[in-house]
Amino acid sequence: MTGIACNLESKGLKALVDATKEVKGHVKPYSITGSLPLVRAMQNAGFDVQISGYGLSSVYHADNEYCLLSDMQDAFQILLRTVSIMDKE
């Protein structure tokens, strides 16, 4: 199994960063380690793949994992704006 890396020069990442900045007022992209075979297959097929998460990283995969509704509302706005930006490309 191989890990993945998102293309830091892609239009998709730029759109996601710009949308996040518009909605949240700031953005700080970061990476974590992991492996997602389906994502690698999509990259190999030529898709511009970006991975994002909008919950509380301090409780990811915990027994009591949860998220805030306000974070999910922001996430929806970010993804909506990302699609809008990409639609203009």
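Residues numbered from 1 in each chain as written. Predicted model: local features only at pLDDT ≥ 70, side-chain atom pairs only at ≥ 80, totals over all residues. Heavy atoms only, no water.

### Some points on the layout of surface pockets
Consideration 1: Looking at the largest pocket, its volume works out to about 1200 Å³.
Consideration 2: Those elements that provide at least two residues to the lining of the largest pocket are α1 (11-24) and α3 (69-87).
Consideration 3: Among the elements that line the lining of the largest pocket, the one with the most residues is α1, at five residues.
Consideration 4: Of the residues that constitute the lining of the largest pocket, the class distribution is 16 nonpolar, twelve polar and four charged. (1 Å grid on protein atoms, 1.4 Å probe; cavity = no way out; pocket = protein on both sides within 12 Å on 5 of 7 lines; lining within 4 Å. Points joined across faces, edges and corners; volume = space filled by probe spheres on them. Helix = DSSP H or I, 4+ residues; strand = E, 2+ residues; numbered from the N terminus. Nonpolar A, V, L, I, M, F, W, Y, C, P; charged D, E, K, R; others polar.)

### Digging into the nonpolar core
Consideration 1: Among the nonpolar cores identified, the biggest contains seven residues, and these are A15, L16, A19, Y54, A75, I78 and I85.
Consideration 2: Elements that contribute at least two residues to this core include exactly α1 and α3. (Core = buried A, V, L, I, M, F, W, Y, C linked by side-chain atoms within 4.5 Å. Buried < 20%, exposed > 50% of the residue type's maximum accessible area, 1.4 Å probe, protein only.)

### Comments concerning the pattern of salt bridges
Consideration 1: The final tally for this structure, using the stated rule, is three salt bridges.
Consideration 2: In this structure, the salt-bridge partner of K14 is D18, at a minimum N-O distance of 2.8 Å. Of this pair, K14 and D18 both sit in helix α1, separated by four residues, roughly a single helical turn.
Consideration 3: By relative accessible area, which is 52% here, K14 ends up exposed. (Salt bridge = Lys/Arg side-chain N within 4 Å of Asp/Glu carboxyl O.)

### A closer look at the packing of α1 against α3
Consideration 1: Between α1 and α3, whose axes approach to 8 Å, the crossing angle comes to 135°. Our classification of the angle between α1 and α3 gives oblique. Between α1 and α3 lies a crossing whose hand is right-handed. On α3, the residues touching K11, G12, A15, L16, D18, A19, T20, E22, V23 and K24 of α1 are D71, D74, Q77, I78, R81, T82, I85 and M86. (Axes fitted to C-alpha atoms, helices over the stretch in contact; angles between N-to-C directions. Parallel < 35°, antiparallel > 145°, perpendicular 65-115°, else oblique. Left-handed = near helix turned anticlockwise from the far one by under 90°. Contact = heavy atoms within 4.5 Å.)

### Here we look at a nonpolar patch on the surface
Consideration 1: A cluster of nonpolar side chains, L38, M42 and F47, forms an exposed patch at the surface whose accessible area comes to about 330 Å².
Consideration 2: With respect to the helices and strands, the residue M42 is situated in helix α2 (residues 37-44). (Patch = residues over 30% accessible without salt bridge, like charges linked within 9 Å, V, L, I, M, F, W, Y side chains within 5 Å. Areas by Shrake-Rupley, 256 points an atom, 1.4 Å probe, with all protein chains shown as cover.)

### Let's talk about the environment of L13
Consideration 1: Assignment of secondary structure puts L13 in helix α1.
Consideration 2: It is 6.4 Å that separates the C-alpha atoms of L13 and Q50, two residues lying 37 residues apart in sequence.
Consideration 3: Excluding residues that lie within four positions of it along the chain, L13 makes contacts with N7, L8, D48 and Q50.

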